[in-house]
Amino acid sequence: MRSHTCGELRAKDIGSEVLLSGWVANRRDHGPVRFVDLRDRYGIIQLIAEQDASPAGMEGLNGLHPEDVIQVRGTVRRRAAGQHNAERPTGEVEVMVAAVEKISAAVRLPFEIADYIDVPEEMRLRFRYLDMRRSPLQERMKLRTQANHAFRCALVAEGFYEIETPMLTRSTPEGARDYLVPSRMRLGSWYALPQSPQLFKQLSMVGGMDKYFQIARCMRDEDLRADRQPEFTQLDMEMSFVDEEDVFALVERVMSAVYLAINGQALALPLQRMSFTESVRRFATDKPDLRNPLEVVDLASEGCHLGFSLFNDVLHKGGWVRGIRVPGGGSLSRKQIDSIETAAKDAGAGGAAWCKVAEEGPSGPLSRFLKVAEGETPIDCPVKIGGLSRGGADFLKALEALPGDLVVTIADAPRRALTALDAVRNKAGQLMDFIQGPDRLLWITEFPLFEETEAGGYHPAHHPFTCPVMEDLPALLAGEKASIRSRAYDLVLNGVELGSGSVRIHDRDLQKTIFAAIGLSEEVANERFSFLLEAFRYGVPPHAGFAIGLDRLYALLFGADTIRDVIAFPKTATASCPLTGAPSVVDDHQMEELGLSQRTPAPLNEA
RNA sequence: GGGGAAGUAGCGCAAUUGGUUAGCGUACCAGCCUGUCGAGCUGGUGGUUGCGGGUUCGAGUCCCGUCUUCCUCGCCA
């Protein structure tokens with residue numbers, strides 16, 4: 001149906017007779033001369049017809065509508081001098097139309113197919129196939145293909161097998177909520193859609209596959225975010241007879257191959273590493289954006305000498321007083337500083353006490369607790385900040401504050417303080433325009449094995465097959481939970497958690513210990529994971545793995561604002577698909593076959 | 001489950017304190033035009049102001065509810 005695509009004609013093709021197919025991107029009718037831009041995935045070519053030279057072509061280009069699909073026969077010719085379009089690869093030539101066949105007519109579109117048109121996202125998702133005709137999605141689907149290809153090539157070259165694991169599998173109630181699928185063959189029983197291929201990849205290791213990977217779809221029935229979809233894609237990997245060093249090295253090589261394919265530049269290896277504990281202490285998060293230079297300072301020992309009742313109360317209750325010094329932040333406006341405080345409040349903190357630091361002394365809400373009492377002699381401060389009390393000087397010294405800086409402090413219960421400090425660090429970094437420069441990839445290592453639940457119990461921070469750090473094993477056996485470290489690790493890029501992995505447990509007794517530690521009885525553990533525990537009886541290699549969230553990686557790598565922009569057919573925040581209307585009610589007879597009863601659904605899209 | 005923002009022609013936006021027949025741009029349709037390429041000019045079509053209720057002589061505007069979308073906390077082993 002075509003001799004060439006719309007994007008490939010060049011000066012060398014001048015004189016050729018061509019057959020082209022594509023969409024009508026634009027029409028420009030000048031009476032006796034008529035232009036049509038014909039578009040396909042490969043580009044845009046200008047068609048032309050002239051009343052005198054090509055009456056048949058003139059007739060054919062008549063009455064076309066935007067996005068009609070047409071087929072055109074014509075001759076490539078050089079554009080007149082001064083009429084070249086330098087912005088298009090095909091801009092040196094045009095096709096003199098001899099005949100046009102309208103293949104498929106298009107009705108009026110819900111939005112124009114043009115990159116410069118701002119279309120609401122709901123509309124873009126409802127008509128995703130039209131959004132796809134625009135270059136941003138065209139480009140991202142191309143890059144996604146190239147990146148996936150680079151991953152596959154790199155892993156196959158490393159000796160990995162690509163193994164497809166089941167989509168219909170067994171529910172494991174730990175962790176995220178499962179998507180469930182009713183069984184017709186065995187009424188009352190359910191499959192679950194996989195949250196990850198975790199157990200199957202471990203079983204593949206028991207099966208001697210040695211190196212496994214899969215570009216795997218994972219489903220989790222949890223509330224969504226800008227960087228979370230109900231189904232998402234992971235590059236899932238597992239290796240036998242390896243430890244974390246082997247995994248780091250492998251993932252680094254593979255990531256570097258993708259950077260080379262997409263950015264044209266390999267990564268500087270090895271990547272930086274930081275323990276979970278250090279990351280939380282310095283950056284108030286387990287996924288720090290290292291492009292942001294701001295760091296958190298613990299002010300517990302200085303904050304209690306200021307006579308600030310809030311600080312004293314919080315510290316007395318076991319809370320945190322921590323602060324962030326913003327170099328040069330004294331230049332921020334009151335409105336900007338308020339927005340930092342708002343960020344802290346939005347993160348759940350009561351507020352943020354701040355002051356600006358200057359040679360003549362501190363100013364702002366926190367300053368009165370730092371200043372010397374009237375009539376007393378200010379401390380002679382080595383960095384020339386006037387008017388300070390002894391406690392105030394020590395406080396600012398701990399922060400290493402200098403004249404011209406802004407100091408923001410958070411005093412709250414540890415958990416809330418942590419999220420608030422993270423928010424303050426991000427907001428202040430943005431306002432100061434600190435967050436720039438090259439991508440910062442790093443490993444976060446030695447995650448805690450357990451996390452405290454709201455009920456006061458413990459559950460695995462990663463998953464129950466993660467191996468503890470051997471040093472901590474005696475403490476674990478003695479009943480300790482909170483301080484036990486695991487051999488789990490995350491890969492973080494510019495403050496985004498790209499993926500995580502761990503060295504797995506390959507010892508049945510240790511596995512049973514962990515199950516017991518998280519309150520999973522032997523019966524329940526046996527019932528849910530009997531197949532894994534059984535497999536471990538038949539000779540299991542030590543193994544470890546990793547999974548990279550490809551949607552998140554690609555959003556960053558391709559410069560997209562959300563992961564929806566790198567996914568062909570994404571869902572909305574309510575996990576619905578505006579295009580197909582999923583989820584939907586099903587026929588009564590389908591329900592009957594499955595032994596289910598229908599419930600009246602909540603209204604959707606009735607507006 | 002909690003908090004926040006938004007919703008007015010296909011699309012982007014406006015509409016003074018609650019006050020005329022809800023406007024502008026763009027797209028679309030028609031006509032004109034020999035070189036455009038986000039063409040230009042002239043004219044035209046296009047509205048249950050998300051939906052429901054309330055207050056009022058009068059509601060796009062105020063109040064209540066609801067739906068949708070986005071952001072966010074919880075949640076996401």
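Fair warning: this is a prediction, and the values are worked out from it, not measured in the lab. (Residues numbered from 1 in each chain as written. Chains lettered and ligands numbered in written order. Predicted model: local features only at pLDDT ≥ 70, side-chain atom pairs only at ≥ 80, totals over all residues. Heavy atoms only, no water.)

(A) Representation of the protein's contact with RNA strand B. Near RNA strand B, the surroundings consist of 59 residues, among which Asn 26, His 65, Pro 110, Pro 460 and His 462 are the closest. Close to the protein, within 4 Å, the atoms of RNA strand B belong to sugar or phosphate groups at a rate of 54%. Take Gly 175: an N or O atom from its main chain is 3.3 Å from a sugar or linking oxygen of RNA strand B. Here a base nitrogen of RNA strand B sits 2.9 Å away from a polar atom, N or O, in the side chain of Arg 225. At the level of elements, β1 (17-29), β2 (33-40), β3 (43-50), α2 (121-126) and β18 (458-460) are the ones that each hand at least two residues to the surface near RNA strand B. Ranked by residue count, the leading element in the surface near RNA strand B is β1, at four residues. Taken together, the residues of the surface near RNA strand B sort by class into 18 nonpolar, 18 polar and 23 charged. (Near = heavy atom within 4 Å. Polar contact = N/O pair within 3.5 Å; in protein donor to acceptor, adjacent residues only side chain to side chain. Helix = DSSP H or I, 4+ residues; strand = E, 2+ residues; numbered from the N terminus. Nonpolar A, V, L, I, M, F, W, Y, C, P; charged D, E, K, R; others polar.)

(B) Looking closely at a nonpolar patch on the surface. On the surface, a cluster of nonpolar side chains totalling about 260 Å² of accessible area is made up of Met 167, Leu 168 and Tyr 191. Topologically, Met 167 is positioned in the loop between β6 (161-162) and β7 (180-182). (Patch = residues over 30% accessible without salt bridge, like charges linked within 9 Å, V, L, I, M, F, W, Y side chains within 5 Å. Areas by Shrake-Rupley, 256 points an atom, 1.4 Å probe, with all protein chains shown as cover. Salt bridge = Lys/Arg side-chain N within 4 Å of Asp/Glu carboxyl O.)

(C) Here's a closer look at the nonpolar core. Core analysis: the biggest nonpolar cluster contains 65 residues, and Phe 151, Leu 235, Met 237, Val 251, Met 255, Ile 548 and Leu 553 have the highest contact counts within it. The leading source of residues in this core is helix α6 (residues 244-263), at nine residues. Those residues in contact with Val 251 that lie beyond four places of it in its chain are Met 237, Trp 443, Leu 491, Phe 546 and Ile 548. (Core = buried A, V, L, I, M, F, W, Y, C linked by side-chain atoms within 4.5 Å. Buried < 20%, exposed > 50% of the residue type's maximum accessible area, 1.4 Å probe, protein only. Contact = heavy atoms within 4.5 Å.)

(D) Inspection of the packing of helix α5 (residues 198-206) against helix α15 (residues 522-535) at higher detail. The interhelical angle for the contact between α5 and α15, taken along N-to-C directions, is 20°, at an axis separation of 10 Å. Classified by the angle their axes make, α5 and α15 are roughly parallel. Crossing of α5 over α15 shows left-handed handedness. Across from Leu 199, Gln 202, Leu 203 and Val 206 in α5, the residues of α15 making contact are Phe 529, Phe 531, Leu 532 and Ala 535. (Axes fitted to C-alpha atoms, helices over the stretch in contact; angles between N-to-C directions. Parallel < 35°, antiparallel > 145°, perpendicular 65-115°, else oblique. Left-handed = near helix turned anticlockwise from the far one by under 90°.)

(E) Inspection of the sheet that holds strand β19 (residues 488-493) at higher detail. Ordered by their spatial adjacency, eight strands build an open sheet running β6-β9-β10-β21-β20-β19-β16-β11, and the pairing between neighbours is mixed. The open sheet has two edge strands with one neighbour each: β6 and β11 (272-275). Bridge count for β11 against strand β16 (residues 441-445) is four bridges, and the pairing is parallel. Its bridge partner being in β16, Arg 273 is matched across the sheet by Trp 443. (Pairing = 2+ DSSP bridges.)

(F) Here's a closer look at the confidence of the model for chain A. Taken over all residues, the pLDDT of chain A has a mean of 91, while the share at 70 or more is 98%. Here β18 stands out as the least confident element of chain A, with mean pLDDT 80; β6 is the most confident, with 98. Note that residues 603-607 has pLDDT below 50 and, in this model, two contacts with residues that lie over four places away or in other chains. As a predicted assembly, this complex carries a pTM of 0.92 together with an ipTM value of 0.90. (pLDDT = per-residue confidence, 0-100.)

(G) Representation of the packing of helix α4 (residues 135-157) against helix α16 (residues 550-557). Look at α4 against α16: their axes get within 11 Å of each other, and the N-to-C directions meet at 120°. The orientation of α4 relative to α16 falls into the category oblique. The two elements α4 and α16 cross, and the hand of that crossing is right-handed. On the side of α4, the interface is formed by Arg 144, Ala 147, Asn 148 and Phe 151, while α16 contributes Leu 550, Asp 551, Leu 553 and Tyr 554. For the contact of α4 with α16, the residue count by class is five nonpolar, one polar and two charged.

(H) The pattern of salt bridges, seen in detail. Applying the stated criterion to the full structure yields 42 salt bridges. A salt bridge links Arg 217 to Glu 231; the nearest nitrogen and oxygen atoms lie 2.9 Å apart. Highlighted residues: Arg 217 in strand β9 (residues 211-219) and Glu 231 in strand β10 (residues 231-240), separated in sequence by 14 residues. Glu 359 is paired through a salt bridge with Lys 384; the nearest N and O atoms lie 3.9 Å apart. Taken together, the positions of Glu 359 in the loop between β14 (353-356) and α11 (390-399) and Lys 384 in the loop between β14 and α11 put the pair 25 residues apart, joining distant regions of the chain.

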